[in-house]
Amino acid sequence: MSEIQSEQLKAILREADERLESASVKADVEDVRIRVLGKKGSLTAILRSMGSLAPEERKELGRLANEARAEIEEKLSLKFEELTRSEQTARFAGEAIDVTEPGERIHLGVRHPITLTIDEISNIFMNMGFSIAEGPEVETVFNNFDALNAAPNHPSRDLSDTFYITKNTLLRTQTSPVQVRTLMKEKPPIKVISPGRCFRTDTPDATHSPMFHQVEGLIVDENITMADLKETLDAFAKRMFGEGVTTKFRPHFFPFTEPSAEMDMSCFKCGGTGCRVCKGSGWIEILGCGMVHPNVLKVGGVDTEKYTGFAFGMGVERIAMLKHGIDDIRLFYENDMRFIEQFK
Ligand code: DAH
């Protein structure tokens, strides 16, 4: 066997050892494999060159070369496993979670007090068999005023009270136009409430806001009388503010009802003796109501000989303010979480 080739084998083994020693990633190991055992590798070259040797020499060198190959393969795979393990250890260390570290607090949202109040009012009426009707915030002048029997010169039509969008459309100033929509769409018996946003050109102060909410109510059926109105709205006041409250009805005027009334409720805070909430009077004004005017029923094609109805409307902000002792309506729209979170 040629001395040179056996020296070469030793040199290859040494070099492979050195390179594997300094290999720090698996790619380095692969690199060594290619250098030695690859198509153009150093050991492959020796094995190829054996063809030119005498049979005896070839046998001897072949044995040595194969031993060298087995040795290198063994070392390659050992190093590969070692690096696999250390890479895994490093990855696990990087991914480790410190279970003792305090978590990030997730801030849960709460429902807005106006939403809560609308839900509370709606639930009371739904338990009495009312269903919910909805109408758009951008309304026709016809539905918001004309169909509700508002005189052509009614002051609420003024530019100084109403946000007009065009000559014939506006931001609804009340939820009452939903009465008109319901009457035009449905046949009696009708029993709906309609909560929603309203708009008026009011300058904001402690009790006014250009955007606010109302809940409207409408019942139309045979034999509906003022007694039904009083019974229903008295029951509402008791469920909303406590069984102890009593109600009284004061004559009033609304274009869309005749007769019309405002309902007052005995003060739920002082029981009627007079306090800050009822401003000393013992009574609190709570809503507007009345028997639906025949002109309104006629717009919906209702037979006014056969059917009568009553309607009511209340301000949601006002009810929420009374109930929770809030003294400034603007608090509802500032979205200060310290305020809003008090109602969850
Ligand atoms: N729409 C009235 C307002 O904004 C409230 C109202 C009063 C509604 C009497 C009614 C009602 O349905 O019958 O002041």
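Everything numeric in this text was worked out from a predicted model, so none of it was measured. (Residues numbered from 1 in each chain as written. Predicted model: local features only at pLDDT ≥ 70, side-chain atom pairs only at ≥ 80, totals over all residues. Heavy atoms only, no water.)

### Here we look at the site of the ligand
Put simply, the rule is: Consider each residue's heavy atoms; a residue with any of them within 4 Å of a molecule or strand counts as near. Here a polar contact means two N or O atoms within 3.5 Å. Within protein one must be a hydrogen donor candidate and the other an acceptor candidate, and residues neighboring in sequence count only if both atoms are side-chain atoms. Exposure was quantified through the Shrake-Rupley algorithm and a 1.4 Å probe, taking into account, for residues, occlusion by the shown protein chains and nothing else. Every helix listed is a DSSP run of H or I at least four residues long, and every strand listed is a run of E at least two residues long, numbered separately from the N terminus. Charged means Asp, Glu, Lys or Arg here, nonpolar means Ala, Val, Leu, Ile, Met, Phe, Trp, Tyr, Cys or Pro, and polar covers whatever is left, Gly included.
By nearness alone, 15 residues border the ligand, and Gln174, Gln179, Arg200, Gln214 and Glu216 come closest of all. Glutamine 174 is positioned such that a nitrogen or oxygen atom in its side chain is 2.8 Å from a nitrogen atom of the ligand. At 2.9 Å, a side-chain N or O of glutamine 179 approaches an oxygen atom of the ligand. Contact with the protein chains covers 89% of the free accessible surface of the ligand, which is 350 Å². Of all the secondary-structure elements, those providing two or more residues to the shell around the ligand are strand S5 (211-222), strand S8 (283-292) and strand S9 (307-315). Grouping the amino acids of the shell around the ligand by side-chain chemistry returns 5 nonpolar, 8 polar and 2 charged.

### Remarks on the packing of helix H5 (residues 113-127) against helix H10 (residues 316-324)
Our working definition: Angles shown run from 0 to 180 degrees and are taken between the N-to-C directions of axes, each axis being a line fitted to C-alpha atoms and, for helices, limited to the stretch in contact. Note on angle classes: values under 35 degrees are labelled roughly parallel, values over 145 roughly antiparallel, values of 65 to 115 roughly perpendicular, and the remainder oblique. Whether two residues are in contact is decided by their heavy atoms: any pair within 4.5 Å suffices.
Packing of H5 against H10 brings their axes to within 10 Å, and their N-to-C directions diverge by 95°. Judged by the inter-axis angle, H5 sits roughly perpendicular to H10. Contact residues: Ile114, Thr117, Ile118, Glu120 and Ile121 in H5; Val316, Glu317, Ile319, Ala320 and Lys323 in H10. Considered class by class, the residues forming the contact of H5 with H10 number 6 nonpolar, 1 polar and 3 charged.

### With respect to the nonpolar core
The line we're drawing: What is meant by a nonpolar core is a set of buried Ala, Val, Leu, Ile, Met, Phe, Trp, Tyr and Cys residues, joined one to another through side-chain atoms within 4.5 Å. Partly exposed residues are those whose accessible area sits between 20% and 50% of the maximum for their type, while under 20% is buried and over 50% is exposed, using a 1.4 Å probe and protein chains only.
In this structure, Phe125, Phe236, Leu287, Phe312 and Met314 are the most contacted members of the largest nonpolar core, which totals 44 residues. Of all elements in the fold, only H5, S5, helix H8 (226-241), strand S7 (257-266), S8, S9, H10 and helix H12 (337-340) reach the threshold of two or more residues within this core. With 7 residues, the top contributor of residues to this core is H8. Not counting chain neighbours up to four residues away, the residues in contact with phenylalanine 312 comprise Phe125, Phe130, Ile193, Val215, Glu216, Gly217, Leu233, Leu287, Gly288 and Cys289. By size, the runner-up hydrophobic cluster in this structure holds 20 residues, among which are Val29, Leu37, Ile46 and Ala68.

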